[in-house]
Amino acid sequence: MKLKSLRATTVTLVAGVAFTALAACGSDDNVAEPAMTVNAPGSSTGEQQVIESSSPGTATPPPSNDTRAAAVDEQLTDGEYSTGPTEEFGGSYGELRTTDIRVGSHDNYDRLVFEFAGRGEPQYHAGYNDDPRQQASGFPLEVPGNAKLELMIHGTAGDMSTDAKYAATKELGLASGNIVEVYNGGTFEADSQYIVGLDTKRPYKVSVLHEPTRLVVDFQK
């Protein structure tokens, strides 16, 4: 898997990670984990090290939250691929802040992940749009790629902190597989807008994962 993220740490996983073991435990649970292979920090030669599994009752610390998140990201989510619009909307809004956006290319699909901190579930509207325009202003959004998927994520607050990662960033510089670019249209009234530029219109599906909370978009190859 090739993974390109805006986070400083890149995590590469071997196949065969047991998803059920990860999903069943919180960050404080002392539960046995499968061995994982990750890139050694600071290595420029692709050197790898193995994190051995830990057994309950031992003092060996479990893998970091970054490793857990990447392990869950590796799993193919349920649902049907389609080129039509899709949504998950209704009920109370969450109170979420976007902490990371990343892309990765897998054997059968390319994946876009939005990770959040805060409370509640992300709600969304998604669909292909040949003429994407910025919410509120109506200005055209020039996004590279032959097809554009517009994604509105509801219940997300605009990050006004001095170290906000995405408040002023438009072109996120994320590309992997058939994903050409991810464009940030901004946040307005708790709605965050993103346009995903693709090489061509591809069937996709959207899912929500937890611990941490993530909204995942898979594009079929």
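Residues numbered from 1 in each chain as written. Predicted model: local features only at pLDDT ≥ 70, side-chain atom pairs only at ≥ 80, totals over all residues. Heavy atoms only, no water.

**Here's the deal with the sheet that holds strand E8 (residues 147-154)**
Right, so step 1: Spatial strand order, E4-E7-E8-E10-E9: five strands in an open sheet with antiparallel pairing. Two strands close off the open sheet at either side, each with one partner strand: strand E4 (86-88) and strand E9 (179-188). Averaged over all neighbouring strand pairs, the angle between strand axes comes to 15 degrees, with direction disregarded.
Right, so step 2: Bridge count between E4 and strand E7 (residues 123-128): three bridges; the pairing is antiparallel. Bridge pairing links Glu-87 to His-125 in E7. (Pairing = 2+ DSSP bridges. Helix = DSSP H or I, 4+ residues; strand = E, 2+ residues; numbered from the N terminus. Axes fitted to C-alpha atoms, helices over the stretch in contact; angles between N-to-C directions.)

**Considerations on the pattern of salt bridges**
Right, so step 1: Here the structure, examined in full by the defined rule, presents seven salt bridges.
Right, so step 2: Linking Asp-100 and Arg-102 is a salt bridge whose minimum nitrogen-to-oxygen distance equals 2.7 Å.
Right, so step 3: According to the relative accessible area criterion, Asp-100 is buried, its value standing at 0%.
Right, so step 4: Within the structure, one salt-bridge network assembled from shared partners comprises Asp-100, Arg-102 and Glu-115. (Salt bridge = Lys/Arg side-chain N within 4 Å of Asp/Glu carboxyl O. Buried < 20%, exposed > 50% of the residue type's maximum accessible area, 1.4 Å probe, protein only.)

**Describing the nonpolar core**
Right, so step 1: If you look at the biggest cluster of nonpolar residues, it comprises 26 residues, and the most contacted ones within it are Leu-112, Phe-114, Leu-215, Val-217 and Phe-219.
Right, so step 2: Elements with a minimum of two residues in this core: strand E5 (95-105), strand E6 (109-119), E7, E8, E9, strand E10 (191-198), strand E11 (204-209) and strand E12 (213-220).
Right, so step 3: Per-element tally for this core: the top contributor is E8, with four residues.
Right, so step 4: If near-sequence neighbours (up to four positions away) are discounted, Leu-215 is found in contact with Leu-112, Val-113, Phe-114, Phe-116, Pro-122, Tyr-124, Leu-151, Ile-153, Val-206 and Ser-207. (Core = buried A, V, L, I, M, F, W, Y, C linked by side-chain atoms within 4.5 Å. Contact = heavy atoms within 4.5 Å.)

**Things to note about the environment of Glu-87**
Right, so step 1: By the element assignment, Glu-87 lies in strand E4.
Right, so step 2: Residue classification places Glu-87 among the partly exposed residues on the basis of a relative accessible area of 48%.
Right, so step 3: The residues touching Glu-87, leaving out its near neighbours within four places in the chain, are Tyr-124 and His-125.

Treat this as a map of the structure, not an account of what it does.
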